[in-house]
Amino acid sequence: MAEASTIIDIQNVTKKFGRSVALDGFSLSVRSGEVHGFLGPNGAGKSTTIRVLLGLLKKTSGEVRLFGEDPWKDAVELHKHLAYVPGDVSFWPNLTGGEIIDILGRLRGGLDEARRARLLDRFELDPTKKFRTYSKGNRQKVALVAALASDVELYILDEPTSGLDPLMEQVFQEEIRALRSQGKTVLLSSHILSEVEALCDRVTIIREGKTEGIYTMTELKQEHANLEALFLSKYEEK
Amino acid sequence: MSGLLTLIRLILRRDRVKLPLWIGIFVLGLLAMIPLLRDVYGSKESLQVMYATLAANPAGLFMTGPMDGPTFGSLMTLETLLWWGLAIAFLNTLLVVRHTRHNEEIGAQELLLSGQVHRASSLVAVLIVALGVNVLITIALGLGMNVMDTGWGAEQSWLFAISMGTVGFVWAAIAAVVVQLVESGRSANGILAGLIGASFVVRGIGDFLGKADNSGLLQPHWVSNLSPFGWLQATRPLTESEWSPLLISLGFVAVAIASGFILLAGRDVGAGLLPSRKGRRRASRLLGTPLGLTLYLQKNIFIGWFVAVLVLAATIGMLVPQMSEIYSNNDSISQMLAISGSDELTAAFLSMMLAIVCVMVFAYAVHGLGKLRGEEASGRLESVLATRVSRLKWLGMHFDVVAIGGSIMLAATGLVLALCVNTLSDLTVDVWEYVLAGLAYAPVMLVFMGLYVLLFGLLPRLAGAVAWLYFGFVAFALWLGPIIKLDRVVMDISIMEHVAMSPVEAIAWQPLAVITTIAVGLIVIGLAVFRHRDVTS
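In this text, all values refer to a predicted model and were calculated from it rather than measured experimentally.

1. Some details on the overall build of chain B
Thought 1: Scanning chain B for helices and strands turns up 22 helices and two strands.
Thought 2: Scored against the burial criterion, the 537 residues of chain B give a buried share of 53%.
Thought 3: A separation of at least 24 residues holds for 77% of the contacts in chain B among residues at least 6 apart in sequence.
Thought 4: Summed over its atoms, the accessible surface of chain B is roughly 22,800 Å², and 67% of this surface lies on carbon and sulfur atoms.

Right under this line is the structure:
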């Protein structure tokens, strides 16, 4: 493997739903070992991009490569190497958090027991409660623990912390830093700019289905006071 | 009561297609029965024959209810009152659950209540809509019957219509109570379906045990008073026309609705009054596998239908000796079964009953496969497909589990039916013949399943509706088709027309092979289409 191989390579992808265009020649690439931020206004196409990457949606045109292969064709094989946290967490209402974490872990090919126990503890999640009795934040924690407890190469996280309190946000950030130091790759789609600022090496901004720009964190910090200023300036541009 | 009008408008908007469709099919279907029945049974002689045979054989009352006299009105009641009563019961319960419990589940309730809306407004709103629906049905039926050439007067027509609307509202009221007790919409629907079934059975027992009084009318056993369907029949709308039983229904409605509101006041939004138990810390070894997860998801559906089907098969098995005599004089059944000799008569009758119960297994199959769309629509499929589970494996697992479950049910139906006949009556039938006969319907079940898979691949949002519609048609064609002498061309759309009715008719292997091939074709195409479409929620 080359020194910094490209784990996710999206080139000029278009995705249409009937007549509406969700992705319009969008490009994104994520290198091995980096934490890559994915930003954009609501409805810009972030979740669509992730779903195309997972083989749930079929691209209309363009090239998508995940670990060098086509995710639409090789989904099952490629999924052995990734874990996913969906934007809208929904699981089986009468199963407990613990059961759901175990199911997803096993369907993925295995859970690290020590990790699982540690994460449940750190996120303060009670695994014996039925899923429908959890608050929104706790539901998210179930998805998070399920993903982070797996030992895979790539973590695809779609707005994973939007319901978590500041303390849990810190726990999340520590866990992601730990992953990074182990050489794992993370694609983090988020609206929480402080989180992206704190964790990401590079950031891709999407707007109306197109790549608005790709920046390194150092570049951004030189040009703008903070990420928020960048964000607003980019989105206000016509 | 703040926000009430908005809520009502919301309910009507959400169901703007469903409600008119249901009401239309309900009313037109019932009114259409009048000329159809008239054609087949209108003559005095036919009516006399029907009346005489039914009067002599009370066991048939379990399924159909009584026939008060050799009049067309009695016949109409016999053929429609109970069945449409069941339909309106489901219509109302599904409506109430959808806009109360289910709302809470999807979190819509919280959002609604955060606005300027009184806590109880949702329930009030849906009950008002239910009332409106029932009143609309009543008016449509009443007017319809009055303009048609029926042979009974205006008072009877309106009493029939009002009785129907009333039983509908009774079930809306029952639903209003049930939704306060359980936490999920699915549980509520399940419990209500069970209550409807139980009410039907209780009324059936009441009729079965009833005694004819001096004027020849059947007076049901007192247990019928425990069943809303018993109250429905008590008005005898097209014959004796008794208005007083309606008071029982209305009184019950008042009590039930009041109870519903009292219970509502005592609980939190989203909670049921029955407490939710804590669960397991770890998933069992089986649950973590695709098969385990599929079994978990399909378990309750299987158990529910299995119990229902077995109870029905056992009940029919018990009543068989008497029931078969009813049809010995019935023209259309004779034509349909082409019998000669009384042994074959029983076999013919049993075969017909076996077919009917097996058709219920097809309903289980459609219901079970409905999980596919459910998992996709809720977003859970996304998480599962993001693991090592392929689309083929996921769909295939559900399909296999339902197919095997359904086959078990088909065999069990034949088994239970035959065993009950053997042990509870003087007759003896070959048990294995009936087991095989039940299993012989498996290819038909596979066609239903193949149809669903194809629709799931092509038009996932419509898959359920279309599959259930076809099921309804097949069930209707089987049960009432011959009786109303439905056109051959129309009957042929039903797949049951193309298989032998065993065991009285020998199993025809060739049609079964063709049907199996069709099923396989549907499944293969459906799978291929599913693998090429987007997964949407």
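2. Re the interface of chain B and chain A
Thought 1: In this assembly, 38 residues from chain B lie in contact with 40 residues from chain A.
Thought 2: Put simply, chain B and chain A have four salt bridges between them.
Thought 3: Between Arg-282 of chain B and Glu-113 of chain A there is a salt bridge, with its nearest N and O atoms 2.9 Å apart.
Thought 4: The interface formed by chain B and chain A contains 22 residue pairs in polar contact (both at pLDDT 80 or more).
Thought 5: Elements with a minimum of two residues in the side of chain B that touches chain A: α13 (290-326), α15 (342-378), α16 (380-385) and α22 (509-532) of chain B.
Thought 6: Top element by residues in the side of chain B that touches chain A is α16 of chain B. It accounts for five residues.
Thought 7: Residues that form the side of chain B that touches chain A fall into these classes: eleven nonpolar, eleven polar and 16 charged.

3. A short note on the state of the cysteines
Residue and element names in this part refer to chain B.
Thought 1: Applying the stated rule across the entire model yields zero disulfides over all chains.
Thought 2: For Cys-358, which is in no disulfide, the shortest distance to another cysteine sulfur is to Cys-420 and amounts to 15 Å.
Thought 3: Cys-358 gets classed as buried once you look at its relative accessible area, which sits at 0%.
Thought 4: By relative accessible area, which is 14% here, Cys-420 ends up buried.

4. Topic: the pairing of strand β7 (residues 185-189) of chain A
Put simply, side chains in a regular strand alternate between the two faces of the sheet.
All names here are of chain A.
Thought 1: Within β7, five of the five residues are buried, leaving the element largely enclosed by the surrounding structure.
Thought 2: Bridging between strand β6 (residues 154-158) and β7 involves five bridges; their strand directions are parallel. Bridge assignment links Asp-158 to a residue of β7, and that residue is Ser-189.

5. Concerning unusual backbone geometry
Residue and element names in this part refer to chain A.
Thought 1: With phi around 55°, Phe-67 is a residue other than glycine that occupies positive phi space.
Thought 2: Along the chain, Phe-67 falls in the loop between β4 (61-66) and α2 (75-79).
Thought 3: With phi around 50°, Glu-208 is a residue other than glycine that occupies positive phi space.
Thought 4: For Glu-208, the location among the structural elements is in the loop between β8 (202-207) and β9 (210-216).

6. What about the packing of helix α17 (residues 391-424) of chain B against helix α18 (residues 431-439) of chain B?
Two measures define how a pair of helices packs: the angle their axes make with one another and the distance between the axes.
Residues and elements named next belong to chain B.
Thought 1: Two elements in contact, α17 and α18, have axes separated by 7 Å at closest approach and are oriented at 150°. By the angle between their axes, α17 is roughly antiparallel relative to α18. Handedness of the crossing formed by α17 with α18: right-handed. On α18, the residues touching Ser-407, Leu-410, Ala-411, Gly-414, Leu-415, Ala-418, Leu-419 and Asn-422 of α17 are Val-431, Tyr-434, Val-435, Gly-438 and Leu-439.
Thought 2: When its residues are assigned to classes, the contact of α17 with α18 shows nine nonpolar, four polar and no charged.

7. Concerning the nonpolar core
Thought 1: Core analysis: the largest hydrophobic core is formed by 153 residues, its most contacted members being Phe-123 of chain A together with Tyr-441 and Met-496 of chain B.
Thought 2: The leading source of residues in this core is α15 of chain B, at 18 residues.
Thought 3: Those residues in contact with Met-496 of chain B that sit more than four places away from it in its chain are Ala-355, Val-359, Phe-362, Tyr-441, Val-444, Val-474 and Leu-478 of chain B.
Thought 4: Within the second largest apolar cluster, 75 residues are counted, among which are Phe-72, Leu-75, Val-124 and Val-129 of chain B.

8. Brief notes about the packing of aromatic side chains
Thought 1: Following the criterion strictly, the structure yields 19 aromatic pairs over all chains and no others.
Thought 2: Taking the centre distance of 5.1 Å and the plane angle of 25° together, the rings of Phe-302 of chain B and Phe-306 of chain B count as stacked. Note that Phe-302 of chain B and Phe-306 of chain B are positioned in helix α13 at a spacing of four residues, about one turn of the helix.
Thought 3: For Phe-302 of chain B, a relative accessible area of 22% translates into the label partly exposed.
Thought 4: Counting every residue linked through ring pairs, the aromatic cluster contains Phe-362, Phe-448, Trp-468, Tyr-470, Phe-471 and Phe-473 of chain B.
Thought 5: The cationic tip of Lys-15 of chain A hangs over the ring face of Phe-17 of chain A; the distance from NZ or CZ to the ring centre is 4.9 Å.
Thought 6: Its end group placed over the ring of Phe-200 of chain B, Arg-203 of chain B keeps NZ or CZ at 5.1 Å from the ring centre.

9. Section: a nonpolar patch on the surface
Thought 1: Taken together, the side chains of Leu-131, Val-135, Ile-139 and Leu-143 of chain B make up a nonpolar region of the molecular surface, amounting to roughly 330 Å² of accessible area.
Thought 2: Tracing the chain through its elements places Leu-143 of chain B in helix α8 (residues 121-147).

10. Comments concerning the sheet that holds β4 of chain A
Residue and element names in this part refer to chain A.
Thought 1: Taken in spatial order, the three strands of this open sheet run β2-β1-β4, and their pairing is antiparallel. Sheet topology places β2 (20-31) and β4 at the edges, where each strand pairs with a single neighbour. Taking the axes of each pair of neighbouring strands and ignoring which way they run, one obtains an average angle of 15° across the sheet.
Thought 2: Sheet topology note: the strand β1 (residues 6-17)/β4 ladder contains five bridges and is antiparallel. In the sheet register, Asp-9 faces β4, and the bridge partner there is Arg-65.

11. A few points about the pairing of β1 of chain A
Residues and elements named next belong to chain A.
Thought 1: Pairing of β1 with β2 involves nine bridges; the strand directions are antiparallel. Residue Lys-15 lies in a different strand from β2, and its bridge partner there is Leu-23.
Thought 2: In sequence, β1 turns back onto β2 through a hairpin of two residues, with Gly-18 there showing a positive phi of about 65°.

Thresholds applied
Residues numbered from 1 in each chain as written. Chains lettered and ligands numbered in written order. Predicted model: local features only at pLDDT ≥ 70, side-chain atom pairs only at ≥ 80, totals over all residues. Heavy atoms only, no water. Helix = DSSP H or I, 4+ residues; strand = E, 2+ residues; numbered from the N terminus. Buried < 20%, exposed > 50% of the residue type's maximum accessible area, 1.4 Å probe, protein only. Contact = heavy atoms within 4.5 Å. Areas by Shrake-Rupley, 256 points an atom, 1.4 Å probe, with all protein chains shown as cover. Salt bridge = Lys/Arg side-chain N within 4 Å of Asp/Glu carboxyl O. Polar contact = N/O pair within 3.5 Å; in protein donor to acceptor, adjacent residues only side chain to side chain. Nonpolar A, V, L, I, M, F, W, Y, C, P; charged D, E, K, R; others polar. Disulfide = S-S within 2.5 Å. Pairing = 2+ DSSP bridges. Axes fitted to C-alpha atoms, helices over the stretch in contact; angles between N-to-C directions. Parallel < 35°, antiparallel > 145°, perpendicular 65-115°, else oblique. Left-handed = near helix turned anticlockwise from the far one by under 90°. Core = buried A, V, L, I, M, F, W, Y, C linked by side-chain atoms within 4.5 Å. Phe/Tyr/Trp six-rings, centres within 6.5 Å; stacked < 30°, edge-to-face > 60°. Lys NZ or Arg CZ within 6 Å of the ring centre and 35° of its normal. Patch = residues over 30% accessible without salt bridge, like charges linked within 9 Å, V, L, I, M, F, W, Y side chains within 5 Å.

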